[in-house]
Amino acid sequence: MLGAYGFLGSILSSTLAAAGHVVLRQGRSNAAQVPCDPLDARAFRSVLGQHHPSTIINLIAMTDVDLCEREPVRAFEANVQVVESIVQAVGQESKVDRLHLIQISTDQVYDGPGPHHEADTRPPNVYGVTKHEGEVVAQGIGASVLRTNFVGRSRSPNRKSLSDWIVDSLRATQPITVFANIRFNPLHVSTLCHCIERVVSVQTPGVFNVGAINGISKAEFAQSLASQLCLDSASMQSGSYVEMPQKARRPLDMTMAVDKFQRTFGVSLPRVEGEVRLVAKEYV
């Protein structure tokens, strides 16, 4: 697993291990289980030759949307060049052992009214453009590309999740604005991990939307979370997102049609209301 020490990677590692998979966790730090820079093609091929994995899950990405807009070269390196390096190494290693790549992507490759089907890509910012380019590279070796958005309490000490920001702000009575005109259909991180485990087992190539079967606005998400945790929401106001010159443009509707994933992998995806309840339980 590449990028295994972030928010998703830390939970996904445990989920896969519990399902009986042997998980090797890559990181750039020397303290990582498998320390390696994926952009170092020789070092990465050496790792593959040493461990002979059957599946590579790539979680490496530059996901700060505004930072991607300010530093597009870095965004291209993290979101495209890393995938190119993986594909090159997998192509050579596959001459001996079959390797399947699972590329984790984003719902920010979409724009305009949803729910969006897999062919409806129109990324509105550098982050979305580079993630889509990475998808195209990954498909060159028959990868499973999963476009998704997930929520939950972060286990990473250096990064807060959306729900962390909402709960921490309300508990500290700090004023926040949540957007009523931005919609998405996220999964709880644990649900997403089980979906990824299904893809590891089935290994069907293609591009798939992976989310809840219905959507919710960011404001509705925040209000529901506050209500379930009995938090005073007086410091939270609902507003409308408007574009700001100093920031990357955000898509207003990222909701995705998920029937292709359900049909292909035999998975029944949940409603978003249940996923919000899973988030709330993490803060009780």
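Our subject is the structure listed above.
Residues numbered from 1 in each chain as written. Predicted model: local features only at pLDDT ≥ 70, side-chain atom pairs only at ≥ 80, totals over all residues. Heavy atoms only, no water.

K.L.:
How should I be thinking about the overall build of the protein in this particular structure?
P.N.:
Looking only at helices and strands, the protein features 10 helices and 12 strands. Against the globule reference of 19 Å for 284 residues, the protein gives a C-alpha radius of gyration of 19 Å, in line with a compact fold. Seen through its C-alpha atoms, the protein measures out along the principal axes to roughly 60 × 40 × 40 Å. Taking all 284 residues of the protein together, the buried fraction comes to 51%. Per element, the accessible surface of the protein, about 12900 Å² overall, is 50% carbon and sulfur. (Helix = DSSP H or I, 4+ residues; strand = E, 2+ residues; numbered from the N terminus. Rg over C-alpha atoms; globule rule 2.2 N^0.38 Å. Buried < 20%, exposed > 50% of the residue type's maximum accessible area, 1.4 Å probe, protein only. Areas by Shrake-Rupley, 256 points an atom, 1.4 Å probe, with all protein chains shown as cover.)

K.L.:
Is there a simple way to think about the packing of helix α8 (residues 218–228) against helix α10 (residues 272–281) in this case?
P.N.:
At a minimum axis distance of 9 Å, the contact between α8 and α10 shows a crossing angle of 50 degrees. By the angle class used here, α8 and α10 are oblique. In this structure, α8 meets α10 at a crossing whose hand is right-handed. In this structure, α8 uses Phe 221, Ser 224, Leu 225 and Gln 228 to contact α10, whose residues at the interface are Val 276, Arg 277, Val 279 and Ala 280. (Axes fitted to C-alpha atoms, helices over the stretch in contact; angles between N-to-C directions. Parallel < 35°, antiparallel > 145°, perpendicular 65-115°, else oblique. Left-handed = near helix turned anticlockwise from the far one by under 90°. Contact = heavy atoms within 4.5 Å.)

K.L.:
Sorry, what's going on with the sheet that holds strand β10 (residues 206–210) here?
P.N.:
The strands that make up a sheet pair up through hydrogen bonds in the backbone, lying either parallel or antiparallel. Read from one edge of the open sheet, four strands run β3-β4-β5-β10, paired in parallel fashion. Each of the sheet's edge strands pairs with one partner strand only, and the pair in question is β3 (55–58) and β10. Going across the sheet, the axis of each strand differs from the next one's by a mean of 20 degrees, ignoring polarity. Bridge analysis of strand β5 (residues 144–148) against β10 gives five bridges, and the strand direction is parallel. By the bridge assignment for β10, Thr 148 is matched with Val 210. (Pairing = 2+ DSSP bridges.)

K.L.:
Teacher, can you tell me more about the packing of helix α1 (residues 7–18) against helix α7 (residues 189–202) here?
P.N.:
Orientation of α1 relative to α7, taken along the N-to-C sense of each, is 55 degrees, at an axis distance of 9 Å. Overall, the two elements α1 and α7 adopt an arrangement that is oblique. The two elements α1 and α7 meet at a crossing, and its hand is right-handed. Taking contact as the criterion, the partners of Phe 7, Leu 8, Ile 11, Leu 12, Thr 15 and Leu 16 in α1 are, on α7, Val 189, Leu 192, Cys 193, His 194, Ile 196, Glu 197 and Val 200.

K.L.:
Help me out: how do you make sense of the environment of Ile 86 in this one?
P.N.:
Summarising the element assignment, Ile 86 is placed in helix α4 (residues 72–93). Residue Ile 86 is classed as buried on the basis of its relative accessible area, which comes to 0%. Remark: the alpha-carbon pair of Ile 86 and Val 284, spanning 198 residues in sequence, is separated by 40 Å.

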